[in-house]
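One-letter residues, chain by chain:
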Amino acid sequence: MTEPRPTLHCDRCDALILEEELEDGLAIRIGGKPICPTCVDQLPDRAKVRINQLRALRGIPTTVYRYRFPAQPQVNAFTFSTAFGVMRHRRALNRNEPYDAPLLGPHSTPLPTISSAEETELLILRKPHHLALGLAAATAVILIIIVMAARSPGPDGPTLGSRSDFPDDSRDAFAQATIRLDSDHPLRETLAQELIDQQQPLWSDIAEAMAAERPDEARRLLARFDFPDDPLFDTERRRIALTAERIDGLAQRLQQAPDTASIPQDPDPIEPDPLPDVEPVADDPSSDDDPIPPPPPAPMRHWRIAAEDLVSDQTSANWDSQTGRGLRLTSDIGSLSRRLHLEPGRYQLWIQLRGVGDGGSLEVVLDGARFSISSDIRLGQRSQWYPMDGSAVDIAEEQIVALDLVARRAGWDIHRLLIADHRLDSSPTGINDIPTVTWWEPEPEPEPEPEPVAPPPPPQVQHPSPRFSANIGQKDTFAYPPSGRFPGVDLRLPGGIPRIIFTSERQLRWSPTGRPHGMEIRLDGLAVAGGGLVLHLHPARIQRDHLLVELFDQDDRRLRLDPVPLPSADWHTVTIDFSGIPPAREDSRDFDPTRLSHLRLRDQEDRITTPFLLARMATVRDRPPRPEDIGLSHRALAPTNMGALNTLLQRTWRNRQHQDPWRRAMNPKQTKFLFGARMWIGNFRTRVYDALEAEDGERPPDRSVQQLVMLNEWLDETFIIPPDLIDSTHHHMIAVVSAGTEFISGLNLRQAQFNFWRKLLDEAIRSGVLPVVVLGPNKVTEEQVAQAEELWQRLIDMLAQDYPGIPIIDLRPVPTAGSERFPAGSAQMTIDLLMEGYRELKNRIEILRQARP
């Protein structure tokens, strides 16, 4: 078994780095340490330009773009895109939307270039072996960089890039930077932070005023904050709003305190008795006349919650658990719900997360109080703590409260929540030292004693394993395939049939015609009263066109029934009806259908030496049996010409360029399964691995089950299948379950058929790997269902004409509910049918292996 590849995490934000991001050049290594695409976008512009030069030289797609100048449309110029821009461009292609790459750096006006280029909207460098094209593009871009570096200030004024270009006053400097610089210029963030730092002493004064219970002074200090109307100050404005709410709570609490001056006095006070004369003593500094100092404020109490602990039975299945790094929402909406013990206090919510950009929302409801997080948290920021907007919630006494979270738009990364004291006004520190909440778990109710009930009647239709009489049983049993014992006979089983075959026995010594084949099936203990049997039989010889049927009761009285017809050398479902047999009369020696013993099937003559076969049996009671009672299912493996499959195996194996023939060296268990992205739901991958282990008797190696990632380059007819997609070193077969991913990725019918499927089949055969085409299930949107069905019919016709012998596994009967989810049971049905077709294909390859010339 191959060693699993280690996972990589960003050295800066600890985000998971995918292998595709490294291969595409979106993630890089700096000093040997991996850096994710998001952190690459945070590097200085000069570093990003150098990185993109290397991407262009390596032939990384979509790094160099043609830039249009509205004022000078005749000028050709180019610009790099960041890693985030590349991902945005791919999403734009999927949605058929335009994409314009911005210039890197703080330049607010486009720069002309002397480079000449073709009139194309997008320059894509495809592969490292297109070195000449890569060098030409890189040279053009380097010329642009040289022009940008050497450009002197023009008539419009100097380029602004340092703090010294603006006034000393932070507010005036930020106001000018807002007018003269781009909104994403890093200098604006520097000036904004400078303005925030200047007003930090006010927070200390406000905290002292609140500790001394002077809410009016705290309000006056809070009113002195004055930040410009800019998104860079949104966090400070939320902090001001939360502080104002805490000040109001302090004022309300002071108003509700009892006032000793308002206590009514007794109208006729009693004169106290005169005290005896005492000698004067020195003043006691601890006398009652001294003012009593106020009690110290109660310590703040917080409760932390790890995002993984929110997963429960009431949680939606749309969250991907990242061990130690929280939860990620994988669908458009997801919910989390738990109940917890909470001690008395006044609480506010904080949350640690990474945002999804515009359009998303996240709400938390704690004990009926609603909290929300702004949806303008930009994608690409590392995980940070944010205070949630909403009024603080008061818990009067220890109680069990409900916590519900609902997030909309895929991509939210939630790490931790904090139920914090309402006085917390800055990002929490020492979070690991804060205690966790105590979850409430309902106590299981005692199960009531079951009332004695009568056993239910047996099902009307059952599928027992046949039992045979001692005198004439089955000759033997064998596991499919039949190991060459039936040459020239196609014994391919229908779907839903066990892989154990029972054969008749040549042992009817009493027959006057010799020793014909026969089989006796025991009926005692089976629910067949007023019903009958359904049998799935194979004659094994064309000369066997019928079987005689005899029924015996427990007194060994015999009743002959109508013969069972077997019109062709194939599997047949036959019914044997007992419902019309008249009951025995009292005190008679008639055949008694209520005391059945066994059923005998036999040949009329002994001229046929090959036994007939029994694969499945069904019993029916209280009604006549029907053929559908046998319970057959869809046959997963499509009919395959054995001669064409043998020829294809020989042709494919010769491409491996070694001396061993395929019959000696090929191992069908070394199969790679590629699944479309819409199949990757829940724990589907783990369930496929478990099914393969149960089928083959051993755990398949890592990377035997992978996701099929459709690339934008499949839109182009000149695209070449990546060599690592088909690994001839470790796999002998490759089964592709696209499930309509071609259309989700933006391909049309022709591109899916020729740019993807035909090239994939050719590359697999050229590499010495047998391709297996899997049709269905239809995991596409409602508008794309007809396209997917048309594509699969085209594939069937193309394989019959150009690729005879390539196996086809048909999963189209699996019911689906759109592209986002499986209906109940459909995922398991998909795996069962896939394993059935895979098992049947291995059996047919084994038949060809044993029938070597």
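Scroll up for the structure.
Residues numbered from 1 in each chain as written. Predicted model: local features only at pLDDT ≥ 70, side-chain atom pairs only at ≥ 80, totals over all residues. Heavy atoms only, no water.

Visitor: Account for the overall build of the protein, naming residues and giving values.
Guide: When its secondary structure is counted, the protein shows 17 helices and 35 strands. In the protein, which comprises 853 residues, the proportion classed as buried is 44%. Look at the contacts in the protein between residues 6 or more apart in sequence, and 74% of them connect residues 24 or more apart. Total accessible area on the protein stands at roughly 46,100 Å², and carbon and sulfur atoms take up 51% of it. (Helix = DSSP H or I, 4+ residues; strand = E, 2+ residues; numbered from the N terminus. Buried < 20%, exposed > 50% of the residue type's maximum accessible area, 1.4 Å probe, protein only. Contact = heavy atoms within 4.5 Å. Areas by Shrake-Rupley, 256 points an atom, 1.4 Å probe, with all protein chains shown as cover.)

Visitor: Help me get a handle on the packing of helix α8 (residues 201–211) against helix α9 (residues 215–222), residues and values and all.
Guide: As a packed pair, α8 and α9 sit with axes 8 Å apart at the nearest point and diverge in direction by 165 degrees. Looking at the two axes, α8 sits roughly antiparallel to α9. Considering the relative orientation of α8 and α9, their crossing is left-handed. Residues L202, W203, D205, I206, A209 and M210 of α8 form the contact with α9, whose own contacting residues are E217, A218, L221 and L222. Of the residues in the contact of α8 with α9, the class split is 8 nonpolar, no polar and 2 charged. (Axes fitted to C-alpha atoms, helices over the stretch in contact; angles between N-to-C directions. Parallel < 35°, antiparallel > 145°, perpendicular 65-115°, else oblique. Left-handed = near helix turned anticlockwise from the far one by under 90°. Nonpolar A, V, L, I, M, F, W, Y, C, P; charged D, E, K, R; others polar.)

Visitor: Describe in detail unusual backbone geometry, supporting the description with residues and values.
Guide: For the bond from G776 to P777, the omega torsion is -10 degrees, close enough to zero to count as cis. Along the chain, P777 turns up in the loop between β34 (770–775) and α16 (785–802). Although it is not a glycine, E213 sits at a positive phi angle of roughly 55 degrees. Within the secondary structure, E213 sits in the loop between α8 and α9. Among the residues examined, E213 registers a relative accessible area of 42% and is labelled partly exposed.

Visitor: Describe the pattern of salt bridges, and please don't skip the residues or the numbers.
Guide: Overall, the coordinates contain 35 salt bridges when judged by the stated rule. R558 serves as the salt-bridge partner of E550, at 3.5 Å between the closest nitrogen and oxygen. Among the residues examined, E550 registers a relative accessible area of 2% and is labelled buried. The class for R558 is partly exposed, based on a relative accessible area of 42%. Close ionic contact of E550 with R602 constitutes a salt bridge, the shortest N to O distance being 3.7 Å. Residue E550 is located in strand β26 (residues 546–553), and its partner R602 is located in strand β29 (residues 596–602); the two are separated by 52 residues in the primary sequence. Under the relative-accessibility criterion, R602 is labelled buried at 9%. Look at the salt bridges and you will find they share partners, linking E520, E550, R558, R560, R600 and R602 into a network. (Salt bridge = Lys/Arg side-chain N within 4 Å of Asp/Glu carboxyl O.)

Visitor: So what's going on with the environment of F675? Which residues, and what values?
Guide: Of note, F675 is situated in strand β31 (residues 671–675). Taking the relative accessible area as the measure of exposure, F675 reaches 0% and is therefore buried. With 31 residues separating them in the primary sequence, F675 and Q706 have C-alpha atoms 6.4 Å apart. Residues within four places of F675 in sequence aside, it is in contact with W680, F684, V688, V705, Q706, Q707, L708, V737 and L834.

Visitor: Can you break down the side chain of S826 residue by residue, with the values?
Guide: Among the secondary structure elements, S826 is positioned in helix α17 (residues 826–850). Polar contacts involving the side chain of S826 include one to the main-chain carbonyl oxygen of P815, which spans 2.8 Å. In contact with S826, not counting residues within four places along its chain, are V814 and P815. (Polar contact = N/O pair within 3.5 Å; in protein donor to acceptor, adjacent residues only side chain to side chain.)

Visitor: Would you mind going over the sheet that holds β26 in detail, with residue names and values included?
Guide: With antiparallel pairing, the 5 strands of this open sheet are ordered in space as β23-β24-β29-β26-β27. Looking at strand neighbours, the two that pair on one side only are β23 (505–506) and β27 (558–565), the edges of this open sheet. For β26 and β29, the ladder comprises 6 bridges, and the chain directions are antiparallel. Bridge assignment links D553 to a residue of β29, and that residue is L596. (Pairing = 2+ DSSP bridges.)

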